Amino acid sequence: MKINKISVGNGAEAGYTLRDAVNPLLPYDGFNACHYTNDSSCHVKHCREELCATLNVADGHLIIPRQTHSSNVMVIDSPLTESELPEGVDALVTAKRGMTLCVNTADCVPVVLNDPESGVVGICHAGWRGVVNGVVENTVEAMRTIGADTTQMHAAMGPCICCECFEVGTEVAEKFAHIPGTVMESNLWPKPHVDLATAIAHILSSKLNLDPDNITMPPECTMHSWQSLFSARRMGLNSGRVLTYIRLAK
Ligand SMILES: [Zn+2]
């Protein structure tokens, strides 16, 4: 399997999976560890085993939440089985070594966070609903409760939909109007577009006090690169997802 590393400060390891599909037109072809978008449980299980072997993850230490575009965060301090993870968790934080925190996305933004001084990491799934409802703020706040400090925190975004690709209705654009530089309009576009990554960077720096130099923007667009990643807009909701992970370095 293929993983692209994400750099997010010392003391943490992060990355995201590539599909590596034989036929990208098939919605689940390639690596998919997401268990709730109608892929076969057998394929998902196989992919997770491959991921655990590649990253050397111990049993119960691969934490993959059942996301629902909520803004709920869970603190992970011990290994968990699938059934012990409640539905409706879109962000995870930990200060425990060995826990591999994951989110699944296909156009929404995966955000990984690391405070190298305190040894606290976090991850969230931030689509437009999550951003509007404060999932990024909630994740950073949960990290604070277990010892992190935002002034020394690093953040990086994984692959997500770019502004050019992210057309929205005016009712969604209005929710972003208060965040500078996030709503784009053009004579070439029938509807407004939203720059989710810029919105998240703004929240991290202006609202949560992260140093802008410690914020890394997304490496690529899921919709432009749907053949090597996954894009729900391009392929439909019944398709695979990109897995993004973070953990404290061994
Ligand atoms: Zn794009």
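Residues numbered from 1 in each chain as written. Predicted model: local features only at pLDDT ≥ 70, side-chain atom pairs only at ≥ 80, totals over all residues. Heavy atoms only, no water.

Caption draft 1: Up close: the overall build of the protein. Counting its regular elements, the protein contains six helices and 13 strands. Over its C-alpha trace the protein gives a radius of gyration of 17 Å, about what one expects of a compact globule, namely 18 Å for 250 residues. Along the first, second and third principal axes, the C-alpha atoms of the protein reach 55 × 45 × 30 Å. Going through the 250 residues of the protein one by one, you find that 54% of them count as buried. Approximately 10,700 Å² of the protein is accessible, and the part contributed by carbon and sulfur atoms is 49%. (Helix = DSSP H or I, 4+ residues; strand = E, 2+ residues; numbered from the N terminus. Rg over C-alpha atoms; globule rule 2.2 N^0.38 Å. Buried < 20%, exposed > 50% of the residue type's maximum accessible area, 1.4 Å probe, protein only. Areas by Shrake-Rupley, 256 points an atom, 1.4 Å probe, with all protein chains shown as cover.)

Caption draft 2: Fine view of the nonpolar core. One finds Ala126, Val136, Ile200 and Leu204 to be the most contacted residues of the largest nonpolar core, which totals 39 residues. Contributing elements (two or more residues each) for this core: strand 5 (91–94), strand 7 (109–115), strand 8 (120–126), helix 3 (135–145), strand 9 (154–157), helix 4 (170–176) and helix 5 (196–207). Sorting elements by how many residues they give to this core places helix 5 first, with seven residues. When neighbours within four sequence positions are excluded, Ile200 is seen to be in contact with Val109, Val111, Ala126, Val131, Val136 and Met157. Residues Ala12, Met74, Ile76 and Ala106 belong to the second largest nonpolar core, which totals 29 residues. (Core = buried A, V, L, I, M, F, W, Y, C linked by side-chain atoms within 4.5 Å. Contact = heavy atoms within 4.5 Å.)

Caption draft 3: Region of interest: the environment of Lys207. Mapping Lys207 onto the fold places it in helix 5. Residue class for Lys207 comes out exposed when judged on its relative accessible area of 55%. With sequence-adjacent residues up to four places away left out, Lys207 is seen in contact with Glu137 and His202. For Lys207, the side chain forms a polar contact with the side chain of Glu137, separated by 2.7 Å. (Polar contact = N/O pair within 3.5 Å; in protein donor to acceptor, adjacent residues only side chain to side chain.)

Caption draft 4: Just helix 5, in detail. Its 12 residues place the ends of helix 5 16 Å apart at the C-alpha level, agreeing with the 16 Å of an ideal helix rising 1.5 Å per residue. If you check which residues of helix 5 are buried, you get Leu196, Ala197, Ala199, Ile200, Ala201, Ile203 and Leu204. Remark: Asn209 follows helix 5 within two positions and exhibits a positive phi of approximately 70°. (Expected span 1.5 Å × (residues − 1).)

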